[in-house]
Amino acid sequence: MTRPVRVAIVGAGPAGIYAADALLKSEAAQDPGVSIDLFERMPAPFGLIRYGVAPDHPRIKGIVTALHQVLDKPQIRLFGNVDYPNDIGLDELRSFYDAVIFSTGAEADRALDIPGIELDGSHGAADFVSWYDGHPEVPRTWPLTAEKVAVLGVGNVALDVARILAKTADELLPTEIPANVYDGLKANKALEVHVFGRRGPAQAKFSPMELRELDHSPNIEVIVNPEDIDYDEGSIETRRGNKQANMVASTLEKWAIRDVGDRPHKLFLHFFESPVEVLGEDGKVVGLRTERTELDGTGNVKSTGSFTDWDVQSVYRAVGYYSDELAKLPFDPSSGTVPHVAGRVIAGSEPMPSVYVTGWIKRGPIGLIGHTKGDANETVECVLEDRAAGRLPEPVQPEPEAVVEYLEGRGVRYTTWEGWHRLDAHEKALGAEQGRERIKVVERSAMLDASGA
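Residues numbered from 1 in each chain as written. Predicted model: local features only at pLDDT ≥ 70, side-chain atom pairs only at ≥ 80, totals over all residues. Heavy atoms only, no water.

(A) Local environment of the pattern of salt bridges. Counted by the stated rule, this structure contains 37 salt bridges. Asp-91 is the salt-bridge partner of Lys-328, the closest N and O atoms lying 2.6 Å from each other. Of this pair, Lys-328 sits in the loop between strand E15 (321-322) and strand E16 (340-341) while Asp-91 is found in helix H5 (residues 90-96), placing the two residues 237 residues apart along the sequence. A salt bridge links Arg-289 to Asp-309; the shortest N-O distance between them is 2.7 Å. Here Arg-289, found in strand E12 (residues 284-295), pairs with Asp-309, found in strand E13 (residues 301-310); they are 20 residues apart in sequence, far enough to count as distant. The network of salt bridges with shared partners includes Arg-50, Glu-176, Asp-424, Glu-427, Lys-428, Arg-438 and Lys-440. (Salt bridge = Lys/Arg side-chain N within 4 Å of Asp/Glu carboxyl O. Helix = DSSP H or I, 4+ residues; strand = E, 2+ residues; numbered from the N terminus.)

Right, dumping it as structure tokens:
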């Protein structure tokens, strides 16, 4: 093969961009070279960074700087606002490329099977995150009439949801939130936010920094019940062997013994409370019932038969993300992932020629953003092994212009990397008018216009 290796990556979030970076750093990038096209459903790249990270976390959003450096490379093209499979399908991709890597992530909420979860006022955390992050495909308004709110889950997404609900709109105004989100949060009635975890402090999945950030707001009083600070032998072993878990438990211990202050918004962190039912009246949430649990010696918990009804008017489940099934690819509904071996997609018992996965669609929505680098390296190694072994079918139209002609022939209004720079400049200009770094554009049509699609 004397021409560059042609690779399509479906999904231009961190996982997809890390895969592109791994390809660029491989020996194949030197001889015969690589040519990479990233296809993204949104008009803008960066996936989870743009639409899944809370706006008051600029440190995490700073990862965009590193991703920018990858996408600036001349071997990479971006095709935004291109939907798989409606705008381009698997057969077409395989006709243009030697390999296709899917890095579509996970945007939906994992289900929680308890009575009442379908009531009005019961929400998925992912939907709320999409709203406050200005995702083009969600409603522009959000019901924030509840004075007391429950958040189910003890991961970083649960903390993000709780923190956004407890903060004031003016605290968030310096961030990139669009006007509709600011207006919605300005009308937020929440005065109490209750976060519930089924197990104890040592089993919480918060990262230490995310947890400590809760206490930085002048408007949020973080409260931990001293009775929820409990450890068994398994919990002690967890703390000894996991530095982050130990730091989280230490922070919670300090909060549990301090006096409650007078900040106006109260954020309660509850442990050993397992949600068993969302209580309703006239089709609306009026409460949450939990069962008290206790440690069983191993770090796991067992039921006690003691129940508590909490007075809340809204419930957010933050129990994990779930990936959408991809057309023409196998799918495991229990894990919400595509079956694979080291990134090679497996259909039945055999690998699908030239088709690969990386990121959350590969391993499930666990770990931090940086963990996707290892996924990408493994998957790219498989691509290059298959190429060296002659296992990649020769594409019918490997010429770079062929896919452009295909999209234009179908009337797809796609964005480019140059278009992202125009949109980026436009959002920064909107922010500068109000003394802010950026104001995110929400409407898809406005994003396309600003990108010059």
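(B) Structural context of the environment of Leu-48. Mapping Leu-48 onto the fold places it in helix H2 (residues 48-51). A sequence separation of 85 residues divides Leu-48 from Asp-133, and the C-alpha atoms of the two residues are 10.0 Å apart. Contact partners of Leu-48, with chain neighbours within four places excluded, come to Pro-14, Val-53, Trp-360 and Ile-369. (Contact = heavy atoms within 4.5 Å.)

(C) Region of interest: the environment of Ala-44. Position of Ala-44 among the secondary structure elements: in the loop between strand E2 (34-40) and H2. Taking the C-alpha atoms as reference points, Ala-44 and Arg-59, 15 residues apart in sequence, are found 20 Å from one another. Aside from chain neighbours lying at most four places away, what touches Ala-44 is Arg-50, Trp-420, Leu-423 and Met-447.

(D) A look at unusual backbone geometry. In the segment running from Asp-31 into Pro-32, the intervening peptide bond is cis, with an omega of 10°. Among the secondary structure elements, Pro-32 is positioned in the loop between helix H1 (14-24) and E2. A cis amide bond links Tyr-84 to the next residue, Pro-85, at an omega of 5°. For Pro-85, the location among the structural elements is in the loop between strand E3 (76-80) and H5. In this structure, Asn-81 takes a positive phi of about 60° despite not being glycine. Tracing the backbone through its elements, the reader meets Asn-81 in the loop between E3 and H5. If you check the backbone angles, Ser-354 has positive phi at about 70° while not being a glycine. Here Ser-354 is to be found in strand E18 (residues 350-357).

All we've got here are geometric facts, nothing functional implied.
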